[in-house]
Each structure stands twice: as C-alpha cells, then as structure tokens.
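Observations on the model geometry
The primary structure of each chain is shown beneath.
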Amino acid sequence: MKRSIKGKLRLYIHPEKVILVSLVNPYLKPKLRSRFMELESLAKTAGCEVIGKIYQIREAPDPKFYIGKGKIYEIKKLIEENGIDAIIFDTSLSGKYHRNLEEELGVKIIDRVELIMDIFAQHARTKEAKIQVELAQLKYRLTQLKGKGKELSRLGGGIGTRGPGEKKLEVDRRRIIERIRVLNKELEKIEIMRRERSKRRRNLIQITLVGYTNAGKSSLMNILTNSQVEVKDALFSTLDTTTRRMKTQFDLPVILTDTVGFIEDLPAELLASFHSTLSCVKEADILIEVVDVSEENFLEKMQIVEETLVSLDAINIPRIFAFNKIDLVLDKNYIKMVSKRFEDSFLISCKTQEGIE
Ligand SMILES: Nc1nc2c(ncn2[C@@H]2O[C@H](COP(=O)(O)OP(=O)(O)OP(=O)(O)O)[C@@H](O)[C@H]2O)c(=O)[nH]1
Ligand SMILES: [Mg+2]
C-alpha cells in the first residue's frame, strides 16, 4: 500500500493476468499478427499482463464455446498453471458464448468490445465523456442479456466490470434500463450547451484532427496550437475534444480540434454515444488525418479511418494527410511514393518537428 499525494490511501493491486484468444477464418490469416499486436496493446493499456496468446483458424465458430474443444483444454491448462484472471477474446461475443465459456473455464470472459470500453471508462475525464462511456457500456450489457431473464454473473471485479471513475457497472436488467434513461437525460442537457458553443464558432474556419488511435493527433495539436493536451504511448489517451485557436500565415480565424481516435471494430455503442463529441468531425471545414507511418499496416488502418468517416457522415469533407512519425521510418522513399497517391499530403514528425512549419 502507498499513500497518494493527497494523503488518501490507495491500494496498488497487481495487474490482472490474461490470455488472449483469436479465432480467424482462413482468409483473414494474414491479418492475425497485427490483430494480436493490437489486442495486446489494448490489454496492456487496460492494465493487464498478457500471459498467453492462443489462436485458431476455423471457418466458423464452435456453436457452444466459440473455439474448439482442444483449445478449451489448452486454456484450462494455462489457467491451472498460471493463475489466470481473465480470458480476452478478439471479437464481440454473444451472451450465450459468455455464459458457456465462463461456466466451463471458471474465470472472467472479456470480449474486444468490453476491453475497449473498459479503457474508455478508465480514461474518461469530463462529465460528458463519463456519461457517454457508461451509456455505451450499459447498452452493450443489455444486448448481452437479451433473451435471458437472469442477471449477468460477472466473476470478481477489475477489467470488464469497471465503469467510469472505477464505479462498478450495473448488472441488473431493470436497473440498467433506468440508468440509461437518466444518463440520456443528462447527456441531452450537455448536448444543448455544445450546440450553443458550436453555433458561436460558425464564422471560424474549423479544422479537426482525425486518425487511428495513437497516431499522434494530440502531439500535432500541441505543436500547432501551443497547447498541452496529454500525449501518451497508449490507446485512447484522448476521449474529449480540445479546441484551440491556430496561428496561420494568412491571419485567418482558424480553430483546431483534437478528438478521440478510431480503431478497427470501434463498438457501435461507443460511436453512437460519442456522436456529440464526434460532431466536431462532421462539422469541420477541413480534416487533418494523422497517420502513423512507422506501423507496417498503416494502409489498412487508413482504410478503417475511411470507413469510420463514412459512418460519421464526414467522408466528403476536404482532407489533408499528415504522414507522421517519419523519424522512425528507415525506407522513407516508400512512404514518399505512397504519399504521392494522396493529393494534400505531408511527411512529418511531431518528435523532431520535421515537415511542420
Ligand atoms: N517517434 C515518434 N513518436 C511520436 C510522434 N508523434 C507522436 N509520437 C508518440 O506517439 C504516441 C501517441 O501520441 P499521441 O499524440 O498521444 O497520439 P493520439 O493520436 O493523440 O492518440 P490517442 O489520443 O490515444 O488516440 C506518444 O507516445 C507520442 O510521443 C513522432 O513523430 N515520432
Ligand atoms: Mg490523443
């Protein structure tokens, strides 16, 4: 136990030990490595220690346990040998799979959606973000309770059970519905204030930073507007919007907004709950898409940003491409060649400030 600065007693609990499980169909096998890497980053960001990784290539999931019997046996052995706290599946699992797996394995079962939401819950700072995350979590819980009268049995606390501010999430269906109603009302009030603010900004040129999570949006925001938005090598560090005046060569009234990043299979519940935070994307005059070109699969991630912009109704907004982290790239010629395919593109480094004026 340690004493925090404010003098409150805080428990420092050991990280939860987890196993990552991915099931892919044969066509998606080439994506397995990058998916596992991303799942591992998500698990680490959520504060877990990854003990094992298991994958299975199958045409279709097993009807009872999602993965095959042999894999279940392998996981059981790992649980016995290592004292595992939770198994994280790289997919959105139905309530039925959740229950069957929990009963069979006797440990907590977490899916990708819950994992992402758990990170959002831990990172939410403002009242608006907290409400949006809790709403998304509760709506997801409800979909899992569908068709069953019984409550969700969640083994233990920690990952997957946390709400914003370490509050425990509601598990009772009736109370979930009531809480969703209350949260929706609160969110409505905040949205009215946000709309007022955005009305006042109508005569300004609005530029919004978009991109995959951890691409360097907040880093670029800080450089361009001299701000101090938190920058971290973690997924979803930013969950709120920051808007600042930006200096330009032409003395135009330009404001720049930094916001939440995207990810493959961004849970629909989160996208819906965050529609007000993400309104700065749809309402922008120009978007700057920040791309981390030090990642080998950056083109795939650009495709996911593309799809997310479609679902946000922002695909027709003029876009500038900032190919970031060029300082980490050895084969700069390849990136230069790729960037030529995009009309307005810049090769930059927020670290060395190369390419940024
Ligand atoms: N080497 C290098 N690292 C960078 C560069 N730009 C950003 N980073 C690092 O990348 C990590 C993520 O940067 P952020 O600015 O927080 O990224 P973000 O897109 O705002 O991420 P989220 O808010 O989590 O979605 C941090 O560790 C940064 O220091 C760069 O040009 N070069
Ligand atoms: Mg950020």
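Residues numbered from 1 in each chain as written. Chains lettered and ligands numbered in written order. Predicted model: local features only at pLDDT ≥ 70, side-chain atom pairs only at ≥ 80, totals over all residues. Heavy atoms only, no water.

We count it as follows: UniProt positions are given in the numbering used here, feature names are shortened, and annotations may be inferred rather than shown by experiment.
The protein goes by GTPase HflX in an unreviewed UniProt entry, where it is assigned to candidate division WOR-3 bacterium. Listed in UniProt under the heading Subcellular location (unreviewed entry), the comment for the protein reads: "Cytoplasm". Taken from UniProt, the Cofactor (unreviewed entry) comment for the protein reads in full: "Mg(2+)".

1. A closer look at helix α6 (residues 173-200)
Using the following cut-off: Put simply, DSSP marks the helices as runs of H or I at least four residues long and the strands as runs of E at least two long, and each gets a number from the N terminus on. Multiplying 1.5 Å by the helix residue count minus one yields the expected span of that helix. For the exposure calls, accessible area comes from a 1.4 Å probe over protein chains only, and a residue counts as buried if that area is under 20% of its type's maximum, exposed if over 50%, partly exposed in between. Residue contacts follow a heavy-atom distance rule, with two residues in contact if any of their heavy atoms lie within 4.5 Å.
With 28 residues, α6 extends 41 Å between its outermost C-alpha atoms, agreeing within 8% with the 40 Å of an ideal straight helix rising 1.5 Å per residue. Looking at α6, one finds that the buried residues are I176, I180, L183, L187, I190, E191, R194 and S198. For α6, the secondary structure elements touched by its buried residues are α5 (127-145), α8 (268-273) and α9 (279-282).

2. Observations concerning the sheet that holds strand β10 (residues 286-292)
Quick note on the threshold: When DSSP finds two or more bridges between a pair of strands, those strands are recorded as paired. Simply put, an axis is a line fit to the C-alpha atoms, just over the touching stretch for a helix, and the angle between two N-to-C directions goes from 0 to 180 degrees.
Taken in spatial order, the six strands make up an open sheet running β8-β9-β7-β10-β11-β12, and their pairing is mixed. Because the sheet does not close on itself, it has two edges, and the strands there are β8 (242-246) and β12 (345-347). Across the sheet, the axes of successive neighbouring strands diverge by a mean angle of 25°, strand direction being ignored. Bridge count for β10 against strand β11 (residues 319-324) is six bridges, and the pairing is parallel. When the bridges of β11 are listed, V290 appears paired with A322. Where helix α10 (residues 298-311) meets the sheet, it contacts β7 (205-211), β10 and β11, and its direction lies at approximately 150° from that of β10.

3. Quick word on the domain arrangement of the protein
Formally: Where each domain starts and ends comes from a domain assignment, either automatic or drawn from a database. What gets called buried area is simply the loss in accessible area from a 1.4 Å probe that two parts show on being joined, summed for both. For this analysis, a salt bridge means a side-chain nitrogen from Lys or Arg found within 4 Å of a carboxyl oxygen belonging to Asp or Glu. As used in this structure description, the phrase polar contact means that two N or O atoms lie within 3.5 Å; if the pair is within protein, one of them must be able to donate a hydrogen and the other to accept it, and residues adjacent in sequence are counted only when both atoms belong to side chains. Side-chain classes are defined by residue name, with Ala, Val, Leu, Ile, Met, Phe, Trp, Tyr, Cys and Pro counting as nonpolar, Asp, Glu, Lys and Arg as charged, and the others, Gly among them, as polar.
Splitting the protein by domain gives domain 1 (2-117), domain 2 (124-187) and domain 3 (201-347). Counting from both sides, the interface comprises 21 residues of domain 1 and, opposite them, 16 residues of domain 2. For the pair domain 1 and domain 2, the summed buried area comes to about 1,500 Å², and 54% of that belongs to carbon and sulfur atoms. Looking only at domain 1, the three residues that lose the most surface to domain 2 are R99, K108 and M117, adding up to 43% of its buried area. Where domain 1 meets domain 2, there are zero salt bridges. For the pair domain 1 and domain 2, the interface holds seven residue pairs in polar contact (both at pLDDT 80 or more). Of all the secondary-structure elements, those providing two or more residues to the side of domain 1 that touches domain 2 are α3 (95-105), β6 (108-111) and α4 (112-123). Partitioned by chemical class, the residues of the side of domain 1 that touches domain 2 number nine nonpolar, five polar and seven charged.

4. Considerations on the UniProt feature "binding site: Mg(2+)" (unreviewed entry) in the protein
Under the feature "binding site: Mg(2+)" (unreviewed entry), the UniProt entry names S218 and T238. The greatest C-alpha distance among the annotated residues, which extend across 21 residues, is 7.7 Å, indicating that they converge on a single site. As for its placement among the helices and strands, S218 is situated in helix α7 (residues 217-225). Dropping the residues within four chain positions of it, S218 is found in contact with V229, E230, V231, T238 and D258. For T238, the location among the structural elements is in the loop between α7 and β8. Judged by its relative accessible area of 13%, T238 falls in the buried class. In this structure T238 touches S218, V229, E230, D258, T259, V260 and G261, once residues within four positions along its chain are discounted.

5. Here we look at the coordination of the magnesium ion (ligand 2)
Just so we agree on the cut-off: Donor criterion used throughout: N, O or S atom within 2.8 Å of the metal, extended to 3.2 Å for Na, K and Ca. Water excluded; incomplete-looking sites may result.
Protein coordination of the magnesium ion (ligand 2) is provided by S218 (OG) and T238 (OG1), with donor distances spanning 2.0 to 2.1 Å. Linking S218 in helix α7 with T238 in the loop between α7 and β8, this pair joins segments that are 20 residues apart in sequence. Classification of S218 by relative accessible area gives buried; the value is 8%.

6. Let's talk about the site of ligand 1
Selection rule: The nearness test applies per residue and asks whether one of its heavy atoms lies within 4 Å of the molecule or strand.
The environment of ligand 1 is formed by 23 residues, the closest being K217, S219, S237, D327 and C350. Between ligand 1 and T213, the relevant distance is 2.9 Å, taken from an oxygen atom to a side-chain nitrogen or oxygen of the residue. A distance of 3.2 Å separates an oxygen atom of ligand 1 from a polar backbone atom of A215. By residue number, the principal contributor to the shell around ligand 1 is α7, which donates three residues. Residues of the shell around ligand 1, tallied by class, amount to seven nonpolar, ten polar and six charged.

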